[in-house]
Amino acid sequence: HSLPENGPDALTSQFHQLTGDLPGVPGEPSEVESILEQMKNNPYSSQIQSRGCLDLVDLYEEGQEDLIEVVDAITNAMEKHVTNVEVQKKGCRAFRRLSTKRQPSASEEPEINADNCAKMEVEGAIHSVINAMNYY
């Protein structure tokens, strides 16, 4: 999954079209907070959960957003949609991306982000990935 040509703004616009929500204005919740809220308010929509898993990671900026909230949203999506392969794949992909540091070049091997991995383990990300692997 990669960012649309117009970057995060286009991605957020696509998510808002999916959820029927309007983009935020200055002083309103961040893009990540908006997606977290939509995922929380629509826990049984596999389409919103699936899309939200990767959109959260695309928009997540270390140090600016709460990693625990992001991991919890992805874990909850995977737990509620165990039989939905798209939610499971995108949740696993999101955890993989959160577990590595962003690299300037796609050709370079990603570097493990030990801090994120430790937080994700505590929040149940590993359990969710193992469950997905066992089911599929």
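Everything below is about the structure printed above this text.
Just so it is clear, the structure is predicted and the values come from calculations on it, not from any experiment.

**Notes on the packing of helix H3 (residues 46–59) against helix H5 (residues 85–98)**
Stage number 1. Running from N to C, H3 and H5 point in directions that differ by 15°, and their axes come no closer than 9 Å. Judged by the inter-axis angle, H3 sits roughly parallel to H5. As H3 runs across H5, the sense of the crossing is left-handed. Residues Ser-46, Gln-49, Ser-50, Cys-53, Leu-54, Val-57 and Asp-58 of H3 touch H5, and the partners they reach there are Glu-86, Val-87, Lys-90, Gly-91, Arg-93, Ala-94, Arg-97 and Leu-98.
Stage number 2. Looking at the contact of H3 with H5 residue by residue, the class counts come to six nonpolar, four polar and five charged.

**With respect to the pattern of salt bridges**
Stage number 1. Overall, the coordinates contain four salt bridges when judged by the stated rule.
Stage number 2. Glu-86 is the salt-bridge partner of Lys-89, the closest N and O atoms lying 3.2 Å from each other. Taken together, the residues Lys-89 and Glu-86, both in helix H5 and three residues apart, mark about one turn of the helix.
Stage number 3. Residue classification places Glu-86 among the partly exposed positions, given a relative accessible area of 32%.
Stage number 4. The residue Glu-111 makes a salt bridge to Lys-101 at a minimum N-O spacing of 3.4 Å. With Glu-111 in strand S2 (residues 111–112) and Lys-101 in strand S1 (residues 100–101), the pair connects residues that are 10 residues apart, well separated along the chain.
Stage number 5. In this structure Lys-101 comes out as partly exposed when scored by relative accessible area, which is 37%.

**A look at the side chain of Asn-113**
Stage number 1. Relative to the helices and strands, Asn-113 is located in the loop between S2 and helix H6 (114–122).
Stage number 2. What makes Asn-113 buried here is its relative accessible area of 3%.
Stage number 3. A polar side-chain atom of Asn-113 sits 3.1 Å from the main-chain amide nitrogen of Asn-116.
Stage number 4. Setting aside residues up to four positions removed in sequence, Asn-113 forms contacts with Glu-62, Leu-98, Ser-99, Thr-100 and Lys-101.

Conventions adopted
- Residues numbered from 1 in each chain as written.
- Predicted model: local features only at pLDDT ≥ 70, side-chain atom pairs only at ≥ 80, totals over all residues.
- Heavy atoms only, no water.
- Axes fitted to C-alpha atoms, helices over the stretch in contact; angles between N-to-C directions.
- Helix = DSSP H or I, 4+ residues; strand = E, 2+ residues; numbered from the N terminus.
- Parallel < 35°, antiparallel > 145°, perpendicular 65-115°, else oblique.
- Left-handed = near helix turned anticlockwise from the far one by under 90°.
- Contact = heavy atoms within 4.5 Å.
- Nonpolar A, V, L, I, M, F, W, Y, C, P; charged D, E, K, R; others polar.
- Salt bridge = Lys/Arg side-chain N within 4 Å of Asp/Glu carboxyl O.
- Buried < 20%, exposed > 50% of the residue type's maximum accessible area, 1.4 Å probe, protein only.
- Polar contact = N/O pair within 3.5 Å; in protein donor to acceptor, adjacent residues only side chain to side chain.

Everything listed is a geometric property; what it means functionally is a separate question.
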